[in-house]
Amino acid sequence: MASAAGSSNVMLAIHEKKTTPTDLYRPLRLYIASAYSEREAAAADDDLSAVRDLRAAVEQPSLPDPSSLEQRRDALLAYARALALVEPRFPISPDRAHVHSLTFTWHDAFKGNKKCALASIHLEKAAVLFNLGAVYSQIALAADRSTDVGIRTACGAFQSAAGAFAWLRESGVAAKVVAAGATTVDVTPECAGMLEKLMLAQAQECFFEKVIAGGKPPALCSKVARQVGIFYEEAYAALSAPPLSQHFDKTWVSHVQLKAAQFYADACYRYSLDLHEKEEIAEEIARLKIGMSALADAKKAAKGVAAQLLDSVNKLESNMKTNLERAMKENDRVYLMRVPAAGSLGALPAASLVKPTSLAEVLDASKERLFSSLVPDGSMKALSKYTEMVDNIIRTQAEKLQQASEITRVRLKEMDLPDSILSLEGSITLPVDLKEDVEAVQISGGPAGLESELQQLRDLRRVNQELLVQTEELLQKEANEDAQFRTQFGSRWTRPQSSTLTKNIQDRLNLFAANLKKAADSDSLIERGVKESYPLMSILDKRPIESALPSISRPIMSLDGNEDAIVGALKQSLRQLEFLGAQRAGLEDMLKEMKRKDDILPKLMAGVGSHDDLFKKEIAKYDSICAEIADNIVAQEQLLLQIQVSGHT
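Residues numbered from 1 in each chain as written. Predicted model: local features only at pLDDT ≥ 70, side-chain atom pairs only at ≥ 80, totals over all residues. Heavy atoms only, no water.

Regarding the UniProt feature "coiled-coil region" (unreviewed entry) in the chain
Note the following rule: UniProt positions are given in the numbering used here, feature names are shortened, and annotations may be inferred rather than shown by experiment. Secondary structure follows DSSP: runs of H or I at least 4 residues long count as helices, runs of E at least 2 residues long count as strands, and numbering of each begins at the N terminus.
The positions UniProt marks with the feature "coiled-coil region" (unreviewed entry) are residues 450–480. Annotated as residues 450–480, this span is 100% helix and 0% strand, and its ends, taken at the C-alpha atoms, are 45 Å apart.

Listed below in structure tokens is the structure:
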């Protein structure tokens, strides 16, 4: 514990936990060599050295000057990120002794004679987070709160300290330390929660100093002061309950208790100033009495608190006493109001202006490269699960896109679009691919050339059939000879049976026979199809092929004069359909590109929460494209209905 006063109010800072030197290099290297390979261990040498150096930096005591404190903060953050990468790769826990000879020892920050030694990565992480909160509190205390810059620095650092203690509690690290074995009280969830409230109280107190110095209205000052008091009250309640009740120095507890009363009283005092301005003298008297009573009770219990804090409390008490005497005189002489009972008054309003700063960004290790080549089976399985989730999205969306394109094709074909419009305009042309196919057929002799191709197919089928029969006859001949010699020579004929020797050949022969039969059936279907379609295929002899395409004549007389408008609207709708089709192709490409770039392994290996939470967050990246696909399909359906209505008009 440390205390200082950059302004009129004394605040507390937390001392860091002390540790004993620990060699990380050797145990981690031995584990890599045994769990992976000596080659991997050698490749990880630089990373192992880096972790060892980060741990060594944390072992050194910090210096009190501001620049040293900031360097200390950065060293703790760097080591915390390194631990996030060590945890999933190295099983360091009492019940999983895969990393041998690695024990972390940390002393209690509030009772240095108590310590905990555990083979637990959770103890190491908890201690580092605790020390991070402690250093942030020291940075806050070192700031000169008599200046605007200093008060902002202090307020921000106290909120970051609250964030560190909140992370220690909310991430489950503190609970895991307790579950891992006997530990010191300072890294329990209860202590982390108490320190979080204490840091928030001091951050809010910075705001109180700011609004007072800025001459803000009494009602606002009262709300800010009340919230300071609430935070201190919550910290004091935690200090008064197990396991913290017998752990802290009495002067420290007295400080928190007196602060809680001071700011409750100050809130009453500021509130009473506002009441006086409104001439609500009776409630002013009641509020002042309540605040002074709370101060008197707290002063009786306060033992060993800083003289400066007592001076501040006494000054507040004196101001309240002066105002109370003035108000009582005014009430007796002028207002003659009945002073309400304390129990009949509502709670004082409070305004919270602070919250724990999230350390998620500064503790995020997903961009760090330590041990990136070491990926345990569990992480690979988790990655595989995520990849399967992504693949399912890609597959589902691709099916929707393809189905939408097919629906467009079928529906337009049913309505003879766009061919009927092109035919009406006499400008119908074949698609390039189709035209090239037609030209290829014409070069090959047109429909008549197909007959020679089919004859060649029949000749090949006949040759294959003859080869098959010849091979079967040779095998049968060999089998007959084997049977004859086996009868003639009996036991002296020691050669394996023919059926055994030729089994593989016979199996392949059966396969060829089956394939030939299928091919013959397929050829028959093709021949029949060609024969049936021959009259229609005769147009392939026309040159140019477009001369064979049908056309529609416009009516000699227009009945209502709006045919052009209808055709124009249909053409516009068809262009919009074409645009939607191009958009779908682009969306499918975007999905595939997003999947290609979607590498969550670094986040998976550096994660502090559950895999499911990470998956839920990462898979949400695809929501916007999925929504665009859904919108595209809805727009297409509406457009097709519109075209159908226009076509019937």
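After presenting the structure, the write-up continues.
Here's the deal with the packing of helix H10 (residues 250–277) against helix H11 (residues 281–301)
Helix-helix packing is characterised by the crossing angle of the two axes and by the distance between the axes. Rules: Axis geometry follows a simple rule: fit a line to the C-alpha atoms, using only the stretch in contact for helices, then measure angles between N-to-C directions, giving values from 0 to 180 degrees. Between 65 and 115 degrees an angle is taken as roughly perpendicular, under 35 as roughly parallel, over 145 as roughly antiparallel, and anywhere else as oblique. Left-handed describes a crossing in which the near helix is turned anticlockwise from the far one by less than a right angle; the clockwise case is right-handed. Each residue gets one label: Ala, Val, Leu, Ile, Met, Phe, Trp, Tyr, Cys and Pro are nonpolar, Asp, Glu, Lys and Arg are charged, and the others, such as Gly, are polar.
At a closest axis distance of 8 Å, the pairing of H10 and H11 adopts a crossing angle of 165°. Overall, the two elements H10 and H11 adopt an arrangement that is roughly antiparallel. Crossing of H10 against H11: the hand is left-handed. Of the residues that constitute the contact of H10 with H11, the class distribution is 15 nonpolar, six polar and four charged.

Quick look at the pattern of salt bridges
What counts is decided by this rule: Salt bridges are identified by distance alone: a Lys or Arg side-chain nitrogen within 4 Å of an Asp or Glu carboxyl oxygen. Three exposure classes are used, based on accessible area relative to the maximum for each residue type with a 1.4 Å probe and protein chains only: buried under 20%, partly exposed in between, and exposed over 50%.
As enumerated under the stated definition, the model contains 23 salt bridges in all. Note that Arg 326 is salt-bridged to Glu 284, the shortest N-O span being 3.6 Å. Within this pair, whereas Arg 326 is found in helix H12 (residues 307–335), its partner Glu 284 is found in helix H11, the two being separated by 42 residues in sequence. Between Asp 521 and Lys 517 there is a salt bridge whose closest N-O contact spans 3.5 Å. Placement of both Asp 521 and Lys 517 in helix H19 (residues 503–537) is noted, with a separation of four residues, approximately one turn of the helix. Asp 521 gets classed as partly exposed once you look at its relative accessible area, which sits at 41%. Residue Lys 517 is classed as exposed on the basis of its relative accessible area, which comes to 54%. Each of Arg 55, Glu 59 and Glu 124 takes part in salt bridges that share partners, so that together they form one network.

A few points about the pairing of strand E5 (residues 104–107)
Filter applied, for reference: We treat two strands as partners when DSSP finds at least two bridges between them.
Taking every second residue as pointing to the same face, both faces of E5 are buried, with Phe 104 and Trp 106 on one and Thr 105 and His 107 on the other. As defined by bridge partners, E5 adjoins strand E6 (residues 115–118) across four bridges and the pair is classed as antiparallel. Looking at E6, one finds that His 107 is bridged to Lys 115.

Describing the environment of Arg 338
In this structure, Arg 338 sits in the loop between H12 and helix H13 (360–363). Among the residues examined, Arg 338 registers a relative accessible area of 72% and is labelled exposed. The spacing of Arg 338 and Glu 283 is 55 residues in sequence and 9.0 Å in space, taken between C-alpha atoms.

Some remarks on helix H5 (residues 121–142)
Formally: Multiplying 1.5 Å by the helix residue count minus one yields the expected span of that helix.
The terminal C-alpha atoms of H5 lie 31 Å apart, and with 22 residues this matches the ideal 32 Å at 1.5 Å per residue to within 8%. Counted residue by residue, H5 has 21 buried out of 22 residues, so it is predominantly covered.

Description of the packing of aromatic side chains
This is how the line gets drawn: Stacked, tilted and edge-to-face are the three classes applied to pairs of Phe, Tyr and Trp rings, where Trp contributes its six-membered ring and a pair requires centres within 6.5 Å; stacked means planes under 30 degrees apart, edge-to-face means over 60, and tilted covers the rest.
Tallying each qualifying case throughout the model produces nine aromatic pairs. With 5.6 Å between their ring centres and 55° between their planes, Phe 110 and Trp 252 make a pair best called tilted. With Phe 110 in the loop between E5 and E6 and Trp 252 in helix H10, this residue pair connects regions lying 142 residues apart in the sequence. Judged by relative accessible area, Phe 110 falls into the buried class, the value being 19%. Assessed through its relative accessible area of 1%, Trp 252 is described here as buried. Pairwise contacts between aromatic rings join Phe 110, Phe 130, Phe 165, Phe 248 and Trp 252 into one cluster.

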